[in-house]
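Geometric and topological summary
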Amino acid sequence: MKEYKMRRGETLEERIPDMEATVEEYFGEISGTEEYKGSDLYVVEEPDNPVFERIVAGAVKYSGKKDWLGVEFEERDPTELGPDELEAAGEAVDAKNDFLLEATGRDAKSRRESLKREVEDDAPDY
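Remember, predicted model here, so these are calculated numbers, not experimental data.

1. Observations regarding the overall build of the protein
Tallying secondary structure elements over the protein gives 4 helices and 5 strands in all. Ordered by position from N to C terminus, the α and β elements of the protein give β-α-α-β-β-β-β-α-α. Scored against the burial criterion, the 126 residues of the protein give a buried share of 36%. Accessible surface for the protein amounts to roughly 8000 Å². Of this, 45% is attributable to carbon and sulfur atoms.

The structure is reproduced here in structure tokens:
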């Protein structure tokens with residue numbers, strides 16, 4: 001599970017007021033929920049895009065802090081995809097990036113930079 005924070009001064013609820021509808025719009029019908037760190041996240045067992053096997057997404061709530069976006073994309077092995085499904089791979093990447101941009105206000109480059117900073121912050125000082 002990956003967790004993403006919002007841009008400074010923004011909250012997940014402001015960016016996506018209806019998480020359930022947004023997850024369905026991007027990935028397909030929600031089949032249930034799954035508990036993660038005390039929060040219920042939405043599960044799509046049969047995503048619209050054949051590249052995805054399963055998707056879990058939703059707000060991870062922390063007391064005293066802003067909610068973060070929790071997401072897990074389970075994807076099929078590319079070697080198992082047929083020619084038609086390979087075409088869907090580009091659409092799958094676009095759907096992931098568009099969803100994460102809408103939710104966090106950060107593009108792929110700024111999300112990567114933010115993750116790098118967090119890893120550097122966690123490194124012990126010798």
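So much for the structure itself; the text now carries on.
2. Quick look at the pairing of strand β4 (residues 52-60)
The side chains of a regular strand alternate, residue by residue, between the two faces of the sheet. Counting buried residues along β4, 8 of its 9 residues qualify, which places the element largely inside the surrounding structure. Bridge count between strand β3 (residues 39-44) and β4: 3 bridges; the pairing is antiparallel. Bridged to V44 within β4 is I55. Of the strand pairs in this sheet, β4 and strand β5 (residues 68-75) are connected by 8 bridges, and their pairing is antiparallel.

3. Observations regarding the nonpolar core
Core analysis: the biggest nonpolar cluster contains 23 residues, and L12, M19, V23, F27, L69 and F99 have the highest contact counts within it. Elements with a minimum of two residues in this core: α2 (19-27), β4, β5 and α3 (83-104). Per-element tally for this core: the top contributor is α3, with 6 residues. Counting residues in hydrophobic clusters, the runner-up holds 5 residues, among them Y36, V43, V56 and V60.

Criteria and cut-off values
Residues numbered from 1 in each chain as written. Predicted model: local features only at pLDDT ≥ 70, side-chain atom pairs only at ≥ 80, totals over all residues. Heavy atoms only, no water. Helix = DSSP H or I, 4+ residues; strand = E, 2+ residues; numbered from the N terminus. Buried < 20%, exposed > 50% of the residue type's maximum accessible area, 1.4 Å probe, protein only. Areas by Shrake-Rupley, 256 points an atom, 1.4 Å probe, with all protein chains shown as cover. Pairing = 2+ DSSP bridges. Core = buried A, V, L, I, M, F, W, Y, C linked by side-chain atoms within 4.5 Å.

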